[in-house]
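# Observations on the model geometry
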Amino acid sequence: MLGEQTADVCVIGAGFTGISTALHLAERGYNVHVIEANRVGWGASGRNGGQLISGIAGERNIGKNLGKDVEDVFGELRWTGHDIIRERVEKYGIKCDLKYGYLDVAIKKRHLRNIEADHERLQESNFPHESRILSRDETQETLGTNAYIGALLNMGNGHLHPLNLCIGEARAAVSLGATIYEQSPVLNIEKGSRPRIGTQQGTVTADFVVLAGNAYHQLDRKLRGIMFPVNSFIIATEPLSEKMVAEINPQDLAVCDPNFVLEYFRLSADKRMLFGGRFNYFGDDPEYIRKRHRAKLARIYPQLAKIGIDYAWGGAIGVPINRVPLLGRLSPNVFYCQGSSGHGVNVTHLAGRIMADAVAGTVEQFDMFADVKPFVVPGAHMFRKPMVTLGMLYYQIKDRL
Ligand SMILES: Cc1cc2nc3c(=O)[nH]c(=O)nc-3n(C[C@H](O)[C@H](O)[C@H](O)COP(=O)(O)OP(=O)(O)OC[C@H]3O[C@@H](n4cnc5c(N)ncnc54)[C@H](O)[C@@H]3O)c2cc1C
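Let me begin by describing the structure that accompanies this report. Since the structure is predicted, the reported quantities are computational estimates derived from the model, not experimental observations.

### Examining the overall build of the protein chain
Scanning the protein chain for helices and strands turns up 13 helices and 17 strands. Relative to the 2.2 N^0.38 estimate, which gives 21 Å for 401 residues, the radius of gyration of the protein chain is 21 Å and therefore close to what a compact globule would have. Each principal axis of the C-alpha atoms in the protein chain carries an extent, and together these give about 60 × 45 × 45 Å. Sequence separation of at least 24 residues holds for 73% of the intrachain contacts in the protein chain that already meet a minimum separation of 6. When the accessible surface of the protein chain is totalled, it reaches about 17,800 Å², and 51% of it is carbon and sulfur. Looking at the protein chain, you have 46 positive and 43 negative side-chain charges, and the mean spots of the two groups are 7 Å apart.

### Quick word on the nonpolar core
Val32, Ile85, Leu165, Leu327, Met355, Phe366 and Phe369 are the most contacted members of the largest nonpolar core, which totals 46 residues. The leading source of residues in this core is helix 11 (residues 344-360), at 9 residues. Ranked by size, the runner-up nonpolar core spans 29 residues in total, among them Tyr148, Met244, Phe279 and Leu297.

### Observations regarding the environment of leucine 176
Mapped onto the secondary structure, leucine 176 falls in the loop between helix 8 (162-175) and strand 7 (179-181). The partly exposed category is assigned to leucine 176, whose relative accessible area is 38%. Leucine 176 sits 151 residues away from leucine 25 along the chain, and the two C-alpha atoms are 9.6 Å apart. Sequence-distant contacts of leucine 176, that is, excluding residues within four places in its chain, are made with Leu23, Ala26, Glu27 and Tyr92.

### Overview of the site of the ligand
Taken together, 40 residues surround the ligand, and among them Thr17, Glu36, Ser45, Val186 and Ser341 come closest. Residue asparagine 38 places a side-chain N or O atom 3.0 Å away from an oxygen atom belonging to the ligand. Side-chain polar atom of serine 45 to an oxygen atom of the ligand: 2.5 Å apart, as the coordinates give it. For the ligand, the accessible surface in isolation is 1,000 Å², of which the surrounding protein chains cover 97%. Looking at the shell around the ligand, its residues break down into 17 nonpolar, 21 polar and 2 charged.

### Quick notes on the pattern of salt bridges
In total, this model carries 17 salt bridges according to the counting rule given. Residue arginine 28 pairs with aspartate 357 through a salt bridge whose shortest N-O separation is 2.7 Å. Residue arginine 28 is located in the loop between helix 1 (16-27) and strand 2 (32-35), and its partner aspartate 357 is located in helix 11; the two are separated by 329 residues in the primary sequence. Overall, the relative accessible area of 38% leaves arginine 28 in the partly exposed class. Across the pair glutamate 263 and lysine 296 runs a salt bridge whose closest N-O atoms are separated by 3.8 Å. Here lysine 296 lies in helix 10 (residues 286-300) and glutamate 263 lies in strand 13 (residues 263-267), a separation of 33 residues in the sequence. Each member of the pair, glutamate 263 as well as lysine 296, carries the same accessibility label: buried. Shared partners join several salt bridges into a network, and the residues in it are Glu4, Glu190 and Arg196.

### Structural notes on the packing of helix 1 against helix 8
At a minimum axis distance of 9 Å, the contact between helix 1 and helix 8 shows a crossing angle of 30°. As far as their axial angle goes, helix 8 and helix 1 are roughly parallel. Helix-helix and strand crossings are classified by hand; for helix 1 and helix 8 the assignment is left-handed. Between helix 1 and helix 8, the contacting residues are Phe16, Ile19, Leu23 and Ala26 on the first element and Pro162, Leu165, Cys166, Glu169, Ala170, Ala172 and Ala173 on the second. Partitioning the contact of helix 1 with helix 8 into residue classes produces 10 nonpolar, no polar and 1 charged.

### Considerations on the packing of aromatic side chains
Taken as a whole and assessed by the stated rule, the structure comprises 8 aromatic pairs. Ring centres 4.9 Å apart and planes at 65° place the aromatic pair tryptophan 42 and tyrosine 216 in the edge-to-face group. Of this pair, tryptophan 42 sits in the loop between strand 2 and helix 2 (44-47) while tyrosine 216 sits in the loop between strand 10 (202-211) and strand 11 (227-237); the two residues are 174 residues apart in sequence, bridging distant segments of the chain. The exposure class assigned to tryptophan 42 is partly exposed, which follows from its relative accessible area of 34%.

### So, a nonpolar patch on the surface
On the surface, Leu390, Leu393, Ile397 and Leu401 cluster together into a nonpolar patch covering about 440 Å² of accessible area. Looking at the element boundaries, leucine 393 is found in helix 13 (residues 384-400). Exposure remark for leucine 393: the relative accessible area of 45% places this residue in the partly exposed category.

### Observations regarding helix 11
An ideal rise of 1.5 Å per residue puts 24 Å on 17 residues; helix 11 measures up with 23 Å between its terminal C-alpha atoms. Looking one or two places after helix 11, you find glycine 361, whose phi comes out positive at around 105°.

### Re unusual backbone geometry
Although it is not a glycine, asparagine 214 adopts a positive phi angle of roughly 45°. Turning to its location among the elements, asparagine 214 is positioned in the loop between strand 10 and strand 11. The backbone phi angle of lysine 271 is positive, close to 65°, even though this residue is not glycine. In this fold, lysine 271 is placed in the loop between strand 13 and strand 14 (273-277). Given the relative accessible area of 27%, lysine 271 is considered partly exposed.

### A look at the side chain of asparagine 231
Residue placement: asparagine 231 occurs in strand 11. By relative accessible area, which is 13% here, asparagine 231 ends up buried. Apart from the residues lying within four places of it in its own chain, the contact partners of asparagine 231 are Arg278, Phe279, Tyr281, Phe282, Gly315 and Ala316.

Here is what the cut-offs are and how they apply
- Residues numbered from 1 in each chain as written.
- Predicted model: local features only at pLDDT ≥ 70, side-chain atom pairs only at ≥ 80, totals over all residues.
- Heavy atoms only, no water.
- Helix = DSSP H or I, 4+ residues; strand = E, 2+ residues; numbered from the N terminus.
- Rg over C-alpha atoms; globule rule 2.2 N^0.38 Å.
- Contact = heavy atoms within 4.5 Å.
- Areas by Shrake-Rupley, 256 points an atom, 1.4 Å probe, with all protein chains shown as cover.
- Lys, Arg positive; Asp, Glu negative; His and termini not counted.
- Charge placed at Lys NZ, Arg CZ, Asp CG, Glu CD.
- Core = buried A, V, L, I, M, F, W, Y, C linked by side-chain atoms within 4.5 Å.
- Buried < 20%, exposed > 50% of the residue type's maximum accessible area, 1.4 Å probe, protein only.
- Near = heavy atom within 4 Å.
- Polar contact = N/O pair within 3.5 Å; in protein donor to acceptor, adjacent residues only side chain to side chain.
- Nonpolar A, V, L, I, M, F, W, Y, C, P; charged D, E, K, R; others polar.
- Salt bridge = Lys/Arg side-chain N within 4 Å of Asp/Glu carboxyl O.
- Axes fitted to C-alpha atoms, helices over the stretch in contact; angles between N-to-C directions.
- Parallel < 35°, antiparallel > 145°, perpendicular 65-115°, else oblique.
- Left-handed = near helix turned anticlockwise from the far one by under 90°.
- Phe/Tyr/Trp six-rings, centres within 6.5 Å; stacked < 30°, edge-to-face > 60°.
- Patch = residues over 30% accessible without salt bridge, like charges linked within 9 Å, V, L, I, M, F, W, Y side chains within 5 Å.
- Expected span 1.5 Å × (residues − 1).

Spelled out as C-alpha cells, the structure:
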C-alpha cells in the first residue's frame, strides 16, 4: 500500500544503510518512510557473511586525499558502527547471534608485517578488547588448518546473523513510528523544495530523501561510474558434528584472509560452516557456486572436502574505486550513501547515524566523507562486466605477489 504519502524523510532502500538511517531518525522523532524494491534486507545486508569488521575500507586513501588529520578522525570512527550495533541489540532485544572474536589470518610474510602494524595501532589507541598476534602454531591449533602462517586475534570484532539484525532494526524503527513499503521499486525522484518519490503503487513527498540503494539501484546518472558492483558468494554446509567443530573452530571465531579477492568463514549458530569469497562470476546458479567454493574450502579444510552443502548464494557489494564510502548530495535535500564495500556491517551503521545527523543539520562528519573526491570511470555502468573482470584479474595477480 502506498497511495499519496507525505513524510519528513523518505529513505530509498531497506538494507543496513537505509534501515540504520531510518532507525536513527525515528529515534529522534522524525516521520520516516522507507521504500524497498524487494524485502527488508533483500540486498547485500541480508546475504552477507555476517563478519563484524572494524574500520572503513579505504582509510589510507582518505589520508592520501585529505591528509593525516582527517585520516586520524576517520580512525577514531573505526568502532562506532560496532558500538551502535551492540547498543541496538541490547536496547531492542534483537536476536542475531552477536558474538565477539575475530582472526585476521596471514598467508604471506608481508601479511604478517601488516597484522603486526595493525596490532601496534590497536595498542597505541588503548584498544579496550583483547588483541594479540598468534604464531603459526597457535593459528594452526586455533583453526585446525595449516593454511596460515599467523594471525591477529581481535576480540573487538566478531560475527552475527545479518538478516536477523536488519529485520530486528526494521521492527525497532516501525515500533517508533517509521513506515516501510516493501515490493515497491522507486521509479523516479522529482527533486525540488519537497522532493517526490514515485513508485508504481504511489508516491511519497518528503522534506529530505536519503538514497540507500547501494549496488542495486540505477536511479541517478550522477552516481554511475563511481562504484562497481562486485559479486561475493557464500556456501553453508550441513551442520558440523561437535567433534568437527572442536577440531576446526572451537573458539567460534570469524576468520578473514588479507587478499582483495578474499576468503572468509565462520560457523553459524547451528554450526554450519559459512564459507565466502569472491570470484569472477555474474550469475547466481547455486550449483556453480557450490562447486567453486567446495574446492576452495577443501584447500583449507581437506576434512570438509565431501561435506554436504545445503545452501549457496551470492550478492553484490558496492565497491567505490578508491574504497572510500560515498556520501554526498544530489541536490540540497536529496542525499545519497553507498559503497561501504566489504566492511558494510560496521560502516553502514556509522553511515546511518551520519546521514541522520546531516538531515538534522549537523554535517561535520558527512562533509568529511563528501569532501573525498570519488574516482570516476566514464561508461562504467555500460561496461561493468569487462571492467570488473579486469579489476578482479589485476587484484588476483597483486594478491599472488
Ligand atoms: C555475499 C556478500 C558477503 C558480504 N560479507 C560481508 C561481511 O562479512 N562483513 C561486512 O561487513 N560486509 C559484508 N558484505 C558487504 C555488506 O553486506 C554491504 O556493504 C552492506 O550490506 C551494504 O548495505 P546497503 O544497505 O548499503 O546495501 P544493500 O543491503 O544492498 O541494500 C540496498 C537495498 O536497496 C534496494 N533498492 C535498490 N534500488 C531500489 C529502488 N529503485 N527502489 C527501492 N529500493 C531499491 C535493494 O532492493 C536493497 O534491498 C558482504 C556483501 C555480500 C554481497
